[in-house]
Structures are given as structure tokens and as C-alpha cells.
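Secondary and tertiary structure notes
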Amino acid sequence: ERSEHEREEEDKISAMSLAKKSALPEGIEVEHVLKYHNYRLKIQERDSLLLDLENVEVEVESVRRQIKKGEDSIAYKMNQIMQLDNGISRSADLCAFSKST
């Protein structure tokens, strides 16, 4: 796999070759063409990074929803445990009361 730098160099060489082969309008030099080509590459890379960022944000939101669902489930189960504890405490109190009478 070629590095990003190697691809950019290859693109520059290709653009320079194309610029030399074609007649450039007056006032436009090969360097201008290369700068524009480099600018376009940066725009493409930026767009790619923005898309990656959007995908990561979607994934983060999904994880947040899963965490919230887990927290809600834990809270519900803790409530059930507290209700069972209260029921057991009442039963124990009744048993203790009935033994004392």
C-alpha cells in the first residue's frame, strides 16, 4: 500500500506532466495548477474526514442509547429488589409479631 505522500507526489508529477503537455493560458503557471490540484485533494480529504466524523457521531449516539437503556434496566431491577425487600421485611415483622403473641 502506498503512502499518502507517495500518492500526492505521483499526483503532482501527473498534473505537472499534463500541464506541460497542454498550453496554459497566459499568466497561469504549472505551480498554479499544482496548487489548485493540491487544494482539490485537501477538499476531498476534508470531505472524507467529515463523513468519518458523522459516522462516529452516529455510533456514539447509539452507544449512549444503549447505556441509557442499561441504566433504566438497572433502576427498574433495583426498584423490584426494594419492593421484595419491603415485602420480606413485612413478612418477618408479622412472623416476629405472631411468635410474640
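Residues numbered from 1 in each chain as written. Predicted model: local features only at pLDDT ≥ 70, side-chain atom pairs only at ≥ 80, totals over all residues. Heavy atoms only, no water.

What to know about the overall build of the protein
Helix and strand counts for the protein come out as two helices and zero strands. Relative to its length of 101 residues, the protein is extended, with a C-alpha radius of gyration of 35 Å against a globular reference of 13 Å. Looking at the protein as shown, the accessible area adds up to about 9,200 Å², and 57% of this sits on carbon and sulfur atoms. For the protein, the distance from the average position of its 16 positive side-chain charges to the average position of its 21 negative side-chain charges is 6 Å. (Helix = DSSP H or I, 4+ residues; strand = E, 2+ residues; numbered from the N terminus. Rg over C-alpha atoms; globule rule 2.2 N^0.38 Å. Areas by Shrake-Rupley, 256 points an atom, 1.4 Å probe, with all protein chains shown as cover. Lys, Arg positive; Asp, Glu negative; His and termini not counted. Charge placed at Lys NZ, Arg CZ, Asp CG, Glu CD.)

So, the packing of aromatic side chains
This model, assessed by the stated rule, comprises one aromatic pair. Taking 6.2 Å as the distance between ring centres and 35° as the angle between the ring planes, the aromatic pair formed by Tyr36 and Tyr39 counts as tilted. You can see Tyr36 and its partner Tyr39 sitting in helix 2 (residues 30–100), three residues apart, about one turn around the helix. You can call Tyr36 exposed: its relative accessible area is 51%. (Phe/Tyr/Trp six-rings, centres within 6.5 Å; stacked < 30°, edge-to-face > 60°. Buried < 20%, exposed > 50% of the residue type's maximum accessible area, 1.4 Å probe, protein only.)

Details of a nonpolar patch on the surface
Together, Ile74, Met78 and Ile81 give the surface a local cluster of nonpolar side chains, amounting to about 310 Å² of exposed area. Relative to the helices and strands, Ile74 resides in helix 2. (Patch = residues over 30% accessible without salt bridge, like charges linked within 9 Å, V, L, I, M, F, W, Y side chains within 5 Å. Salt bridge = Lys/Arg side-chain N within 4 Å of Asp/Glu carboxyl O.)

Focus: the pattern of salt bridges
All told, the structure shown has three salt bridges when counted by the stated rule. Between Asp72 and Lys68 there is a salt bridge; the shortest N-O distance is 2.8 Å. Of this pair, Asp72 and Lys68 both sit in helix 2, four residues apart, which is roughly one turn of that helix. What makes Lys68 partly exposed here is its relative accessible area of 46%.

Re the environment of Leu50
Checked against the element boundaries, Leu50 lands in helix 2. Of the residues examined, Leu50 reaches a relative accessible area of 47% and is grouped as partly exposed. Each C-alpha atom of the pair Leu50 and Val63 lies 20 Å from the other, and the pair is 13 residues apart in sequence.

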